[in-house]
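Chain by chain, the residues run as shown.
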Amino acid sequence: MLRTIRTRLGVAAVSIAGVAVLIFFITQLLPGDPARLAAGQYATEEQVEQVRAAYGLDQSIPAQFVSYLGDLVRGDLGSSIRTSQPVLDELLTRLPATLELGLLSLLIAIVLGVGLGVLSAVYAHRAGDKAIQLFVVIASATAVFWVALLAIYLFVNQWGVFNSPTGRLPRGYPPPEHVTGFYVVDALLAGDLNTAGAALRALLLPAILLGTIAAPSIVKIVRSSTIRALDSDYTRTSRSFGYSRTSILFQDGLRNALLPVITNIGLVAGFVLAGGNVLIEQLFAWPGIGGYAYRSLQENDLFALRGYVIFIGVAYVLINTLLEFLYRWADPRVALAEGS
Amino acid sequence: MRRNIGLRRALAVAALLCLAAAGCGGPPPQAAAKEVIVAFPSDVDTIDPHQFRSVAAYGVVGNIYGTLLQEDYDAPADGVLKYKGKSAPYLAESATWNTDRTVLTFKLRKDLKFADGSALTSEDVLYSLQRALSDVGYASAIGTWLNVKDASKDIVAADASTVELRVTHYSPLIESFLAFQIFPILDKSAAQAKAGGDDPWSAKFFAKEATASGPYTVESMAQGETTLTKNPNFTAADEGDAPDKVVIKNMPDQQQAFLALQNGAVDVVYGLTPDIAESVKKDSGLKLYDLPYSDIVYLGMNNKDPVFKDVRVRRAISLLMPYEALRSDVMKGFAGAAYGAVPYPMGDSLDTTGDKLAYPTDVEGAKKLLAEAGYGDGKLSLTLSVPATEVSLRQSAVFIQSALQNAGVTVKLSELNDAEFNSNLGKMQFYIDSWFSWGQDSVYQMFFLLKTGLFTNYTNFSNPEMDRLVEQAMATTDAAERRRLSQQAQQVVIDQAPWAFLFTRNTLIGTRAGVTGITQSNDANLRFDRLRVAG
């Protein structure tokens, strides 16, 4: 186990270093002069040069790269050109909002994906399976923003099921005292069911949308892996022992299909935390890191962009590292194979 | 033999509990008495009053800091407070010129305090004005219009409540500019406590902290919203009827902001697009404030480009513009005509009605000019750069592309993000952009946008006669002479057509019915303490 952890940490460190190097050079190619943007339209060339020097942008690329690596080792992601604030602080302030939305979306994606995938496997090649396939195609092909706008129009304005998307809490609810940064959790810890319910209601619609858009890939992989598992010798053995259909489906079918499903869930987790949430955060005025990244890209906020990408890189690495341990739980043969 | 499915049952119960929790909750715990929620399309990036910042940040800074003078408004009419055209005392109880109008003396009100209770004195005023005129931010470019030669010597604290501003010569802009939020009064001792060797003006401190001297103070800035509460130590005006709390929300999507307005989740939405403004206008539960401003949208033609060096080409382009279609179809009627670079309602504009066009739409006339210049049918190809995030400019560009095609001019549209667009101003061949001058002064407008060699003269226009007229207008102290010189310069600009003067954009603000007190100010910012919410 210790050897596994050491190996994983080593791989994680190399991956993050690779991302850091890559993003430095890619951001050098972005159009626009960050110093001019920071100084503003009214700034003289002298003032722009001062800003350039203040952010180290007047140095050569190799010198900037060395300085950048040195800062990274110290955990310093630099200061945002747009806000003058440390990028790490800004990302950490916004992270709980993204995590709260992302984790609930992921949960919904998993429940929906596994549930529909299993049903699709059970009713393989019949009407139920075809209906689920249709859902998968539609959900994969439909643009997130279009679905979101339609959902907001129907569920918020027409039917009043959810609150207006104005952020993490509706009007009149102050944020709970900060413990985790997750408003639902913090409100529950404070014993404030009212605010917890309001926070959850504000969270549900964007999470359902993001989870539904993310679910199709899970449905497909669960379906194909479960069908394969249900056709196997050990499943036939379980049937001959007289186990119930439900028991066979979950213990022999789904349980043995978990490895590729876990891999896919890792990819989905990356999507809901890093990619899919940008649009959703914009539409729902959700104050997460997705909106921060979008703004940074628009204004060529070099250090904020780099910080965001490294942040996401670290998140992906952590997710993949966690997956490695989940594999061991799902299939003990993985641990045995590593041991030998 | 039964196999354990307890985990599945536990998950099902957890899901049901979540749904139950989501259904829980009654009305919000706080009574929303005298609270106003204002949605902006941008976030609050920095609250340093001397840094270039977002629209929402301008909204915050303009309401947390007091200035020596403030804009004087007419009594409310149909919910709007219109700028009277002059300044009134604010933190200063008086502003008096000496005989030859080279010294402006400010007498501060008694017992002024910052939000933390510390006294506001002339030393704070001195520090604040010197900071504004320093190189800490862009405000120094505008500060030169105060006609102060040396801020370290020409701004003097005569005593604890008196400040003298010594100017080279009088300008009508001095008093109006001192009402701008770029000349706020900051707490000198708080600032100096945070200053450092590489940050003598405490830029890092002021980016996120405020030493409020205005009607509001920042209660919190996080999670996409900034909350302002009344400054209990503000005594320069009676704020009894002002909202107790103002929440500034970042809502980047206009459609969502409109839906939130309909649902009562927000009270004011600032900066609507024309499409959304039309929807607000049709909704009987909402009110649209359509405020004419001199925010001019223009086609910039780089006068250094071989094509646009020829004034005939520039005039031809101006004659091809679909002015009516742009105002009615793109801007849905929420726009005015632009007569030259100084459009109505700017002071001293040649156009006193907002209806005049510098050039008519005349396709045959344009073709003739192009042929004379050697660009007959199909011989002219241009690349029009467009800022991708500006909806009305993008839509206008499509109309313009089509209109130019009528005369055989091929236009390729190049959409650029903000960063790339702003970095290339001054270098692009042909671009569409907008400009709004705080103060809406004609001479200021022409100085920054069209004077030879200015870094904001993005079309590289150069006309010695116009330069001379503008310089003379800046130097004169006689208002009638200033107007005459300005209008002569305006005519030169119209004749030379460095731009195609497309239209002026109105500022569009949507509110719930019953919200009044919208300020039509010289900087297009809302004064939150003037907002009133009925019911």
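Because the structure is predicted, anything quoted here is derived from the model rather than measured.

**Structural notes on the overall build of chain B**
- Across its full length, chain B holds 18 helices and 20 strands.
- For chain B, the C-alpha radius of gyration of 26 Å lies close to 24 Å, the compact-globule estimate for 535 residues.
- Across its three principal axes, chain B shows a C-alpha extent of roughly 90 × 85 × 50 Å.
- Counting across all 535 residues of chain B, residues that qualify as buried make up 51%.

**Quick word on the overall build of chain A**
- The number of helices and strands found in chain A is 16 helices and zero strands.
- When its C-alpha atoms are laid out on the principal axes, chain A stretches across 85 × 60 × 40 Å.
- Put simply, chain A has 340 residues, and 41% of those count as buried.

**Overview of the sheet that holds strand 6 (residues 155-159) of chain B**
Residues and elements named next belong to chain B.
- The antiparallel open sheet is built from four strands, whose spatial order is 4-5-7-6. Each edge of the open sheet carries a strand with a single partner, namely strand 4 (92-97) and strand 6. Within the sheet, the average angular offset between the axes of one strand and its neighbour, ignoring direction, is 20°.
- Of the strands in this sheet, strand 5 (103-108), strand 6 and strand 7 (162-166) touch helix 3 (residues 122-132), which is tilted by about 180° from strand 6.

**Overview of the interface of chain A and chain B**
- The interface is formed by 56 residues belonging to chain A together with 49 residues belonging to chain B.
- Elements represented by at least two residues in the side of chain A that touches chain B include exactly helix 2 (34-39), helix 3 (45-54), helix 5 (87-122), helix 7 (144-158), helix 9 (193-230), helix 11 (245-254), helix 13 (277-283) and helix 14 (289-298) of chain A.
- For the side of chain A that touches chain B, the per-class residue count stands at 24 nonpolar, 23 polar and nine charged.

**Describing the pairing of strand 15 (residues 409-416) of chain B**
All names here are of chain B.
- Where strand 14 (residues 380-387) and strand 15 come together, eight bridges link them in parallel fashion. Paired with Ser-385 across the two strands is Ser-414, which belongs to strand 15.
- Once the chain exits strand 14 it traverses helix 14 (residues 391-405) before rejoining the sheet at strand 15, and the crossover so formed is right-handed.

**Digging into the sheet that holds strand 2 (residues 69-73) of chain B**
Residues and elements named next belong to chain B.
- With mixed pairing, the three strands of this open sheet are ordered in space as 2-3-19. Among the strands making up the open sheet, the edge pair consists of strand 2 and strand 19 (518-520). The average angle at which neighbouring strand axes cross in this sheet is 50°, direction not considered.
- Bridging between strand 2 and strand 3 (residues 80-89) involves four bridges; their strand directions are antiparallel. In the strand pairing of strand 3, Leu-69 is matched with Pro-89.

**Looking at the packing of helix 11 (residues 311-319) of chain B against helix 13 (residues 363-372) of chain B**
All names here are of chain B.
- Packing of helix 11 against helix 13 brings their axes to within 8 Å, and their N-to-C directions diverge by 160°. Overall, the two elements helix 11 and helix 13 adopt an arrangement that is roughly antiparallel. As for how helix 11 packs across helix 13, the hand of that crossing is left-handed. On the side of helix 11, the interface is formed by Arg-312, Val-313, Arg-315, Ala-316 and Leu-319, while helix 13 contributes Gly-365, Ala-366, Leu-369, Leu-370 and Glu-372.
- Its residues placed into classes, the contact of helix 11 with helix 13 shows six nonpolar, one polar and three charged.

**Remarks on helix 9 (residues 254-263) of chain B**
- Among the 10 residues of helix 9 of chain B, seven are classified as buried, and the element is accordingly described as predominantly covered.
- Buried within helix 9 of chain B are the following residues: Gln254(B), Gln256(B), Ala257(B), Phe258(B), Leu259(B), Ala260(B) and Leu261(B).

**Comments concerning the packing of helix 12 (residues 323-330) of chain B against helix 14 of chain B**
Residues and elements named next belong to chain B.
- Where helix 12 contacts helix 14, the axes come no closer than 10 Å and their chain directions differ by 140°. With respect to each other, helix 12 and helix 14 are oriented oblique. Crossing of helix 12 against helix 14: the hand is right-handed. Residue-level contacts link Ala-325, Leu-326 and Val-330 of helix 12 to Ser-392, Gln-395, Ser-396 and Phe-399 of helix 14.
- Of the residues assigned to the contact of helix 12 with helix 14, the class counts are four nonpolar, three polar and no charged.

**Describing unusual backbone geometry**
Residue and element names in this part refer to chain B.
- The residue after Tyr-344, namely Pro-345, is reached through a cis peptide bond having omega 5°.
- Examined against the element boundaries, Pro-345 turns out to sit in the loop between strand 13 (335-336) and helix 13.
- For Arg-101, which is not a glycine, the phi torsion comes out positive at approximately 55°.
- Position of Arg-101 relative to the elements: it lies in the loop between strand 4 and strand 5.
- For Ser-202, which is not glycine, the phi torsion reads 55° and is therefore positive.
- Looking at where Ser-202 falls in the secondary structure, it is placed in the loop between helix 7 (188-193) and helix 8 (203-208).

**Comments concerning the confidence of the model for chain B**
- Mean pLDDT over chain B: 91, with 94% of residues reaching 70 or higher.
- Predicted complex, confidence summary: ipTM 0.84, pTM 0.89.

**A few points about the environment of Leu91(A)**
All names here are of chain A.
- Structurally, the position occupied by Leu-91 is in helix 5.
- C-beta crowding within 10 Å serves as the criterion here: with 22 such atoms nearby, Leu-91 is assigned to the buried category.
- Dropping the residues within four chain positions of it, Leu-91 is found in contact with Ile-289, Gly-307, Tyr-308 and Phe-311.

**Some details on the environment of Ser171(B)**
Residue and element names in this part refer to chain B.
- Topologically, Ser-171 is positioned in the loop between strand 7 and helix 6 (173-177).
- Along the primary structure Ser-171 and Ala-479 are separated by 308 residues, whereas in three dimensions their C-alpha atoms are 9.0 Å apart.
- Apart from residues no more than four positions distant in its own chain, Ser-171 is found in contact with Trp-145 and Asn-147.

**Quick notes on the nonpolar core**
- Membership of the largest hydrophobic core comes to 242 residues, with the highest contact counts inside it found for Ile218(A), Ala39(B) and Leu502(B).
- By residue number, the principal contributor to this core is helix 9 of chain A, which donates 19 residues.
- Once residues within four sequence positions are removed from consideration, Ala39(B) is found in contact with Lys249(B), Met251(B), Ala257(B), Ala260(B), Val266(B), Val268(B), Val269(B) and Tyr270(B).

**Section: the pairing of strand 12 (residues 286-301) of chain B**
Residue and element names in this part refer to chain B.
- One ladder, built from 12 bridges, connects strand 12 with strand 17 (residues 499-512); its direction is antiparallel. Each bridged residue has a counterpart across the sheet, and for Lys-287 the counterpart in strand 17 is Thr-511.
- In this structure, strand 12 lies alongside strand 16 (residues 430-435), joined through six bridges in antiparallel fashion. Across the sheet, residue Met-301 finds its bridge partner in strand 16, namely Phe-430.

**A short note on the confidence of the model for chain A**
- Here chain A shows a mean pLDDT of 85. Residues at 70 or above account for 95%.
- Averaged pLDDT values for the elements of chain A fall to 63 in helix 16 (residues 332-339) of chain A and rise to 95 in helix 8 (residues 183-189) of chain A.

Rules used in this analysis
- Residues numbered from 1 in each chain as written.
- Chains lettered and ligands numbered in written order.
- Predicted model: local features only at pLDDT ≥ 70, side-chain atom pairs only at ≥ 80, totals over all residues.
- Helix = DSSP H or I, 4+ residues; strand = E, 2+ residues; numbered from the N terminus.
- Rg over C-alpha atoms; globule rule 2.2 N^0.38 Å.
- Buried ≥ 20, exposed ≤ 12 C-beta atoms within 10 Å, placed from the backbone.
- Pairing = 2+ DSSP bridges.
- Axes fitted to C-alpha atoms, helices over the stretch in contact; angles between N-to-C directions.
- Contact = placed C-beta atoms within 7 Å.
- Nonpolar A, V, L, I, M, F, W, Y, C, P; charged D, E, K, R; others polar.
- Right-handed = clockwise from strand over helix to strand, strands pointing away.
- Parallel < 35°, antiparallel > 145°, perpendicular 65-115°, else oblique.
- Left-handed = near helix turned anticlockwise from the far one by under 90°.
- pLDDT = per-residue confidence, 0-100.
- Core = buried A, V, L, I, M, F, W, Y, C linked by C-beta atoms within 7 Å.

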